[in-house]
Amino acid sequence: MMTLEETADCLAALGNPTRLAISRLLVKAGERGLPVGAIQSELGIPASTLSHHLRHLVTVGLVFQERDGVSLICRTNYPSIKGVIDFLMLECCSMENAQG
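Cut-offs and rules
Residues numbered from 1 in each chain as written. Predicted model: local features only at pLDDT ≥ 70, side-chain atom pairs only at ≥ 80, totals over all residues. Heavy atoms only, no water. Helix = DSSP H or I, 4+ residues; strand = E, 2+ residues; numbered from the N terminus. Buried < 20%, exposed > 50% of the residue type's maximum accessible area, 1.4 Å probe, protein only. Contact = heavy atoms within 4.5 Å. Areas by Shrake-Rupley, 256 points an atom, 1.4 Å probe, with all protein chains shown as cover. Patch = residues over 30% accessible without salt bridge, like charges linked within 9 Å, V, L, I, M, F, W, Y side chains within 5 Å. Salt bridge = Lys/Arg side-chain N within 4 Å of Asp/Glu carboxyl O. Pairing = 2+ DSSP bridges.

## Focus on the overall build of the protein chain
- Broken down by element type, the protein chain carries six helices and three strands.
- When the elements of the protein chain are put in sequence order from the N terminus, they spell out α-α-β-α-α-β-β-α-α.
- C-alpha atoms of the protein chain, sized along the principal axes, occupy 55 × 20 × 20 Å.
- Taken over 100 residues, the protein chain has a buried fraction of 30%.
- Contacts in the protein chain between residues far apart in sequence, at least 24 positions, make up 55% of those at least 6 positions apart.
- With the model as given, the accessible surface of the protein chain reaches about 6,300 Å², and the carbon-plus-sulfur share is 57%.

## Remarks on a nonpolar patch on the surface
- Together, L11, I85, L88 and M89 line one region of the surface with nonpolar side chains, adding up to about 350 Å² of accessible area.
- Take the nonpolar patch: its biggest share by element is three residues, from helix 5 (residues 78-89).
- Within the secondary structure, L88 sits in helix 5.

## Considering the environment of T49
- Tracing the backbone through its elements, the reader meets T49 in helix 4 (residues 47-59).
- Judged by relative accessible area, T49 falls into the partly exposed class, the value being 29%.

## Looking at the pairing of strand 3 (residues 71-76)
- Bridge count between strand 1 (residues 34-35) and strand 3: two bridges; the pairing is antiparallel. Residue L34 lies in a different strand from strand 3, and its bridge partner there is C74.
- Across six bridges, the pairing between strand 2 (residues 63-68) and strand 3 is antiparallel. Along strand 3, the bridge assignment pairs F64 with R75.

This is the structure:
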C-alpha cells in the first residue's frame, strides 16, 4: 500500500497536462512500452521538454526506463499506478460511504 506522501507525489506528477498525456500514452502502449522518440513524435514536444517530464514520472515511480541498444524504452510501472488507484479507492466504496 502506498503512503499518503507517495500517493501525493504521484498525483502531483500526473497533475501536469504533459505528464498526464505521457502516462496515458504509455498505458495505451502496454507492457512493450515506447521509445522516447516515439513519445516525442506522438506528443509533438521538444526532446528537452520530454526529458524533463519523463524524469518527474520516473522519480515518483510511475514510469521506468530500459536501454534497448540505442533506444531508451519507457514503460508504465503498473504496480505503482494500481497503488495510486488503490489508495484513492480505499474505503470509498463501502456500503456506508456509498449511502452517506
